[in-house]
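A closer look at the structure
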Amino acid sequence: HRLATLADAICRDDIMLRDHTFSWIRSCLTEMIVALDRYRAYIVPGEPAPVDEIDIIEHAALKARAALDPELHETLEVVVDLLLGREVGVEGHTQRAQRDELIIRFQQVCGAVMAKGVEDTAFYRWTQLVSLNEVGGDPGAWSINSDEFHQWVSAMATEWPATMTCGTTHDTKRSEDVRSRIGVLSQYSSEWRALLTKLHPYASGLEGHTENLLWQTLAGTWTEAGPIERSRLERYLLKASREQKLWTSWTHNDTEGEAALSAFVERLYADADIMGAFADWYEFTADSVRTSVLSRKAIQLTCLGVADTYQSCETLQNYLVDPDNRSAVDFTHLAVTASALDTRNPRTLAEEKLHLTRAILRLRRRRPDAFVGAQATYRPLPSSTGHAVCFARGEDPQVVTVAARLHRVIENQHGFTEHSVVLPGGRWRDVLSGSEFDGGSALIADLLEHYPAAVLEKVASPQGPEIQIPLFRPGVRHQPTPTEHRGEDAEVTGLLGWLTKRFFDKHDDGQTHG
């Protein structure tokens, strides 16, 4: 309303624009705000609008035009001219302050609407795989293969070579490790579906979106010590439900429903079967989670630009959305663990992540030009599998990263077997394990013997001619590995068999019978 009132005052005080009514202007501004597909267009009052920013506004205007009555199209043109700082009407010079304020306020409103409409509403309602619902992300893009990743990084290296590369920030919906644990569910879709089928009766009466969010959050935040603290989960689910605005909201609280949600979480934590099921799920997916956590961190710290680490995410953290991700950091514990790792190998995934982060950050300190600056080129390395991301950094390659992806698929194929990657010429040392390798064709299984990621530093130049690494050729899409589908009556073993015993074989007395 404030924005429309300001635009209306501009038009009303200009003899050439006063035919455009308040309601028409408000309708046009509303459709423009809805149509804008990003936080804002960067238009600076008093400066010529950049071509790219003009395109953003005009693209939104095309969509708004389709939604408006034809009688309002002329008003829309006036609104667009005002938002772009163009001279329209006859009072531009006398109204400069008002027109500049309109430009600024429009951009401010667009950012707020984008945040509340997408991040703080849609991202809480769309719960198919909530690790995709991240600030700046697009849940419609489920995944990319290695070649598509290389294309993206190569483009970003040209356009934003010193961009910040981060896994977690103060604004993310969940920390990088929580996203990894939830993302791994996609590799275990049959087992996850079977687990939820058995859990669903326990959540009778719980709104469906909230229930789906709950189970994924519980799996994503489970640690070696067990589930996330009950109070943290309760606070998160209450905030998420209010952001969904489906059955309660910040302005219209359903107090009875919210109390019932808290009571359900309390019963959940007291149920040994449910807690046991998630403890087993944690163990069942541990290897895939380890690959996702460590490979993600290795790629994040070496792929592009200025690497950032947030709020003790040097090690494992199960942060959720603010204020959960803004708690005090235990730097003393981090320092003690870091000192211990100076004299021994990591023993847990948390220690492995801290070891990896420290090793790579020290590498960046030794070789800054390989990561940021005129010599910080990015070059994909030829490999025989799409289940490893392989690239070199530096005009004269100084650093190589090889990171496994989709652990379960690799496991089902009995490992990397004879798959290989072509390393640039020279002698290379893995900063994580200390192992050394010669340039040329190297078995990925050897590189990843100790960790699911290897970060190699050149320790000697090549003897003889440098190995020529071919240019990256985009467009090769790796085919997914076929999965076996079981019949409804097929015997199930492993986790599914255990779940059947835990949930299906209970008699009326509530006891589990073998």
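In what follows, the accompanying structure is described. Per chain, the residues get numbers from 1 upward, laid out in the order the sequence is written. At least 70 in pLDDT is required for a residue's local features to be given in this predicted model, at least 80 for side-chain atom pairs to be given and counted, and no such filter applies to totals for whole chains, interfaces and linings, which use all residues. Think of the side-chain values as coming from all heavy atoms in the structure, minus any hydrogens and water.

Turning to the overall build of the protein chain, a few remarks are in order. Of the regular secondary structure elements, the protein chain holds 18 helices and eight strands. If one aligns the C-alpha atoms of the protein chain with their principal axes, the spans along those axes are about 80 × 75 × 50 Å. Expressed as a percentage of the 514 residues in the protein chain, the buried residues total 48%. When contacts within the protein chain are restricted to residue pairs at least 6 apart in sequence, those whose partners lie at least 24 apart make up 68%. Only the protein chains shown count as covering a residue, and every accessible area follows the Shrake-Rupley method with a 1.4 Å probe. Approximately 25600 Å² of the protein chain is accessible, and the part contributed by carbon and sulfur atoms is 52%. Separation between the mean location of the 53 positive side-chain charges and that of the 73 negative ones in the protein chain comes to 3 Å. Only runs of H or I of at least four residues qualify as helices and only runs of E of at least two qualify as strands under DSSP, and these elements are numbered from the N terminus. Remark: exposure states derive from per-residue accessible area (1.4 Å probe, protein chains only) relative to the maximum for the residue type, with buried under 20%, exposed over 50%, and partly exposed in between. Here, residues are in contact when the closest pair of their heavy atoms is within 4.5 Å. Here the positive residues are Lys and Arg and the negative ones are Asp and Glu; neither His nor the chain ends is included. Think of each charge as sitting on NZ of Lys, CZ of Arg, CG of Asp or CD of Glu.

Attention now goes to the layout of surface pockets. Looking at the second largest pocket, its volume works out to about 630 Å³. Lining residues are defined by having an atom within 4 Å of a point belonging to a cavity or pocket. Those points lie on a 1 Å grid over the protein atoms alone, cavities being sets where a 1.4 Å probe fits but cannot get out and pockets being open sets with protein on both sides within 12 Å along at least five of seven lines. Together, 28 residues line the second largest pocket, and T223, E224, A225, Y282 and L316 are the ones closest to its centre. Sorting the residues of the lining of the second largest pocket by element identifies α7 (176-183), α9 (208-221), α12 (272-284), α13 (286-302) and α15 (349-366) as the ones contributing at least two each. Element by element, the count of residues in the lining of the second largest pocket is highest for α13, at four residues. Classification convention: Asp, Glu, Lys, Arg as charged; Ala, Val, Leu, Ile, Met, Phe, Trp, Tyr, Cys, Pro as nonpolar; all other residues, Gly among them, as polar. Of the residues assigned to the lining of the second largest pocket, the class counts are 11 nonpolar, seven polar and 10 charged. Grid points are joined across faces, edges and corners, and a volume is the space filled by probe spheres set on the points.

Moving on to the side chain of Q244. Mapped onto the elements, Q244 comes out in helix α10 (residues 230-244). Look at Q244 and you get buried, because its relative accessible area is 0%. Once you skip the residues sitting within four places of it in the chain, Q244 turns out to touch T121, Y124, R125, E207, H209, T210 and L213.

This part covers the packing of aromatic side chains. Each pair of aromatic rings taken from Phe, Tyr and Trp, with Trp reduced to its six-membered ring, is defined by centres within 6.5 Å and is described as stacked if the planes are under 30 degrees apart, edge-to-face if over 60, and tilted in the remaining cases. Under the counting rule described, the total for this entry stands at 11 aromatic pairs. Look at Y188 and W281: their rings are 6.1 Å apart centre to centre, the planes differ by 70 degrees, and that puts the pair in the edge-to-face class. A residue pair is termed long-range when its members are at least 10 positions apart, and Y188 in the loop between α7 and α8 (189-199) and W281 in helix α12 qualify at 93 residues. Considered together, Y188 and W281 belong to a single accessibility category, that of buried residues. Three or more aromatic residues link up through ring pairs in this structure, and these residues are Y188, W192, W215, W222, F264, F278, W281 and F284.

Turning our attention to helix α1 (residues 2-12). Taking burial as the measure, the 11 residues of α1 include eight buried ones, the bulk of the element. Within α1, burial applies to L3, A4, L6, A7, D8, A9, I10 and C11. Next to the buried residues of α1 lie α2 (22-35), α4 (73-83) and α5 (96-125).

A complete count under the given rule lists two cavities of 30 Å³ or more for this structure. Estimated volume of the largest cavity: approximately 60 Å³. Together, R181, L218, A219, W222, F278, W281, Y282, T285 and V289 line the largest cavity. Breaking the lining of the largest cavity down by element, the ones donating at least two residues are α9 and α12. Per-element accounting of the lining of the largest cavity gives the leading share, three residues, to α12. Looking at side-chain class alone, the lining of the largest cavity contains seven nonpolar, one polar and one charged residues. When its volume is computed, the second largest cavity comes out at roughly 30 Å³.

This brings us to the pattern of salt bridges. Salt bridge, as used here: a side-chain nitrogen of Lys or Arg that lies within 4 Å of a carboxyl oxygen of Asp or Glu. For the coordinates displayed, the defined rule picks out 33 salt bridges. A salt bridge links E176 to K297; the shortest N-O distance between them is 3.0 Å. Pair noted here: E176 is in helix α7 and K297 is in helix α13, with a separation of 121 residues, a long-range link. The shortest N-O distance in the salt bridge between D322 and K239 comes to 3.3 Å. A residue pair is termed long-range when its members are at least 10 positions apart, and D322 in the loop between β2 (306-308) and α14 (331-341) and K239 in helix α10 qualify at 83 residues.

Take the sheet that holds strand β4 (residues 388-393) next. In this analysis, strands are considered paired if DSSP registers two or more bridges between them. The six strands are arranged β3-β4-β5-β8-β6-β7 in an open sheet whose pairing can be described as antiparallel. Sheet topology places β3 (378-380) and β7 (436-443) at the edges, where each strand pairs with a single neighbour. In this sheet, adjacent strand axes meet at a mean angle of 25 degrees when their direction is disregarded. Every angle, taken between N-to-C directions, lies between 0 and 180 degrees, and every axis is a line fitted to C-alpha atoms, over only the stretch in contact when it is a helix.

So, on to the nonpolar core. One broad rule of soluble globular proteins: the nonpolar side chains tend to lie buried together. If you look at the biggest cluster of nonpolar residues, it comprises 67 residues, and the most contacted ones within it are W192, W215, L268 and F278. Residues I25, L29, A35 and F106 belong to the second largest nonpolar core, which totals 36 residues. Among buried residues, those of type Ala, Val, Leu, Ile, Met, Phe, Trp, Tyr and Cys that are joined through side-chain atoms within 4.5 Å constitute a nonpolar core.

Turning our attention to unusual backbone geometry. Note the cis peptide between D322 and P323, where omega equals 10 degrees. Relative to the elements of secondary structure, P323 occurs in the loop between β2 and α14. If you check the backbone angles, Q311 has positive phi at about 45 degrees while not being a glycine. Inspection of the secondary structure assignment puts Q311 in the loop between β2 and α14.

Attention now goes to the packing of α1 against α5. One way to put it is that α1 packs onto α5 with a least axis distance of 10 Å and a crossing angle of 155 degrees. For the element pair α1 / α5, the angle class is roughly antiparallel. When you trace α1 past α5, the crossing you get is left-handed. Across the interface between the two elements, R2, L3, L6, A7, A9 and I10 of α1 pack against Q98, R99, E101, L102, R105, F106 and V109 of α5. Each residue belonging to the contact of α1 with α5 can be placed in one class, and the counts come to eight nonpolar, one polar and four charged. Reported orientations rely on four angle classes, namely roughly parallel under 35 degrees, roughly antiparallel over 145, roughly perpendicular from 65 to 115, and oblique for the rest. Here is the rule for handedness: rotate from the far helix to the near one, and if that takes an anticlockwise turn smaller than a right angle the crossing is left-handed, while a clockwise turn gives right-handed.

Another aspect to go through is the pairing of strand β5 (residues 399-404). Successive residues of a regular strand alternate their side chains across the two faces of the sheet. Within β5, six of the six residues are buried, which leaves the element mostly enclosed by the surrounding structure. Taking every second residue as pointing to the same face, both faces of β5 are buried, with V399, T401 and A403 on one and V400, V402 and A404 on the other. Two elements, β4 and β5, share six bridges in a ladder whose sense is antiparallel. From the neighbouring strand, F391 faces β5, where its bridge partner is T401. Between β4 and β5, which pair antiparallel and follow one another directly, the connecting turn spans five residues, one of which, G394, has a positive phi of 105 degrees. Relative to strand β8 (residues 453-460), β5 runs antiparallel, the two being bridged by five bridges. The residue bridging A403 from the neighbouring strand is A453, located in β8.

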